[in-house]
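Each chain, written out:
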Amino acid sequence: NNENSVPQLLIIDLKFENKSLAKPMFSPDQENHPSKAPVKYGELIVLGYNGSLPNGDRGRRKSRFALFKRPKANGVKPSTVHIACTPQAAKAISNKDQHSISYTLSRAQTVVVEYTHDSNTDMFQIGRSTESPIDFVVTDTVPGSQSNSDTQSVQSTISRFACRIICERNPPFTARIYAAGFDSSKNIFLGEKAAKWKTSDGQMDGLTTNGVLVMHPRNGFTEDSKPGVWREISVCGNVFSLRETRSAQQRGKMVENETNQLQDGSLIDLCGATLLWRTAEGLARTPTVKHLEALRQEINAARPQCPVGFNTLAFPSMKRKDVVDEKQPWVYLNCGHVHGYHNWGNKEERDGKDRECPMCRSVGPYVPLWLGCEAGFYVDAGPPTHAFSPCGHVCSEKTTAYWSQIPLPHGTHTFHAACPFCAHQLAGEQGYIRLIFQGPLD
């Protein structure tokens, strides 16, 4: 069409050689600029996993999921509303090529909202189902399930089609979250028991059974972050205060001045698993796994010693993060004194769980220390000086301070702070402790 847009080399080639198509030739311009890396909207990281799932990341089931701009837009937006049992409504539901949300008000009345293609957005779906519409398969997080045993014994409370995230394809690539995802026949069904209502402008909206909760931190995801307030997000992306319990019929109050737009550090709770949203810009400021590895080597190079056995301690490599190594540092959680493993000071009458620190005589749990390897959970790039209690995951002071203040949803109506690396509920006054290492005596 436009001769200028065709690489000149290719034109000459076609004129003079029969074998022109044997090897593709590029204009110098194309050679210097290989295809641009795809735009990354952000990543979702599941709390409770220290860098990968216990049995390894496989396909759509993994501990973190990157959202990239799709080759072709697949977003949808609401269009026609059909009331009740008209033939069109029935057709919309049965039409496999048309996205729709059905709100069952009673046996006699269903409202069906048809959705049409939106060329400006990309849609990503998250849930427990392994059916093809789900991009990121999330299963229930069992605290401390770093072992390889199968943790799927509990009855799941995560919805099969839990939520969807819609990203703008153009800068600033805004990401928004909505409760519920479309199933294999492109439908979302809100049954008679689901909380649903007509909005002031005549549209329908509703909540899913166990709800999708979101918390946006104040001051972004930085060393100055503070916890925000947990809210519930509706099927249409409106923001509500929490229900009395997770699946109560009565919805909370609408929060007019807040939106469903995700920010760096937003937490998404699916009732059984909590996800951290990191934007591409936020991740660019976050320490890399290489940086964490350099910090590990630096702390090991300082040759910390056990004050009892005088043996040198070393944090095991990131790959060996669930097997206790003989050089592994251990800590007394009440005082923070770091030792190597020893049998000294065992208090038999306390079931062997509490130990007396040989340095300061304080009595408390004695646990191995593990480096926090999931870089996305760090709010800064500080050295690994503090450990969560009672699990012994080690990271920077600002990171332990931040997570220890975050009330994470637990069950249907309680909240508690937990270690982001293993999901164990935090214990003790602060939930974390400063580590006291002893340097080599030479």
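Per chain, the residues get numbers from 1 upward, laid out in the order the sequence is written. Totals for whole chains, interfaces and linings use all residues, but because this is a predicted model, local features are given only for residues with pLDDT of at least 70 and pairs of side-chain atoms are given and counted only at 80 or more. To obtain the side-chain values, all non-hydrogen atoms of the structure were included, while hydrogens and water were left out.

A. Summary view of the overall build of the protein. A run of H or I in DSSP counts as a helix once it spans at least four residues, and a run of E counts as a strand once it spans at least two, with each numbered from the N terminus. On a plain count of helices and strands, the protein comes out with six helices and 27 strands. To sort residues, take the accessible area from a 1.4 Å probe on protein chains only and compare it with the maximum for the residue type: under 20% means buried, over 50% means exposed, and anything in between is partly exposed. The buried share of the protein, reckoned over its 442 residues, is 49%. Between two residues, a contact is recorded if the distance between any of their heavy atoms is within 4.5 Å. The contacts in the protein between residues at least 6 apart in sequence include a share of 62% that link residues at least 24 apart. With the model as given, the accessible surface of the protein reaches about 22,300 Å², and the carbon-plus-sulfur share is 50%. Using the Shrake-Rupley algorithm and a 1.4 Å probe, accessible areas are obtained, with residue cover drawn only from the displayed protein chains.

B. The nonpolar core, seen in detail. Core analysis: the biggest nonpolar cluster contains 46 residues, and Leu 44, Leu 67, Ile 126, Ile 165, Ile 177, Ile 268 and Leu 270 have the highest contact counts within it. Each residue touching Leu 44, except ones within four places of it in the same chain, is listed here: Ser 63, Arg 64, Phe 65, Leu 67, Ile 126, Phe 136, Ile 165, Ile 268, Leu 275, Leu 276 and Trp 277. Only buried Ala, Val, Leu, Ile, Met, Phe, Trp, Tyr and Cys residues count toward a nonpolar core, and they belong to the same one when joined by side-chain atoms within 4.5 Å. Of all hydrophobic cores here, the second largest spans 30 residues; its members include Leu 47, Cys 373, Cys 395 and Cys 422.

C. Looking closely at unusual backbone geometry. The step from Pro 171 to Pro 172 runs through a cis peptide bond, and the omega angle for that step is 5°. With a phi angle near 65°, Asn 219 is a residue other than glycine that sits in the positive phi range. Residue position: Asn 219 is located in the loop between β13 (212-215) and β14 (231-233). Positive phi values are uncommon outside glycine, yet Arg 361 reaches one of about 70°. With respect to the helices and strands, the residue Arg 361 is situated in the loop between β20 (354-356) and β21 (363-368).

D. Molecular detail of the packing of aromatic side chains. What counts as a ring pair is set by centres within 6.5 Å for rings of Phe, Tyr and Trp (its six-membered ring), and what kind of pair is set by the plane angle: stacked under 30 degrees, edge-to-face over 60, tilted for all other angles. Here the structure, examined in full by the defined rule, presents 17 aromatic pairs. With 5.1 Å between their ring centres and 35° between their planes, Trp 330 and Tyr 366 make a pair best called tilted. One end of the pair, Trp 330, is in strand β18 (residues 330-332); the other, Tyr 366, is in strand β21, and 36 residues separate them in sequence. No difference in accessibility class separates Trp 330 from Tyr 366, as the two residues are buried. Following the ring pairs from residue to residue traces out a cluster consisting of Phe 221, Phe 377, Tyr 378, Phe 388, Tyr 402, Trp 403 and Phe 421. Across the ring face of Trp 197, the terminal group of Arg 251 is positioned such that the distance to the ring centre comes to 4.3 Å. By definition here, charges over rings are those cases where NZ of Lys or CZ of Arg is within 6 Å of the ring centre and within 35 degrees of the ring normal.

On their own, these measurements won't tell you what the molecule is for.
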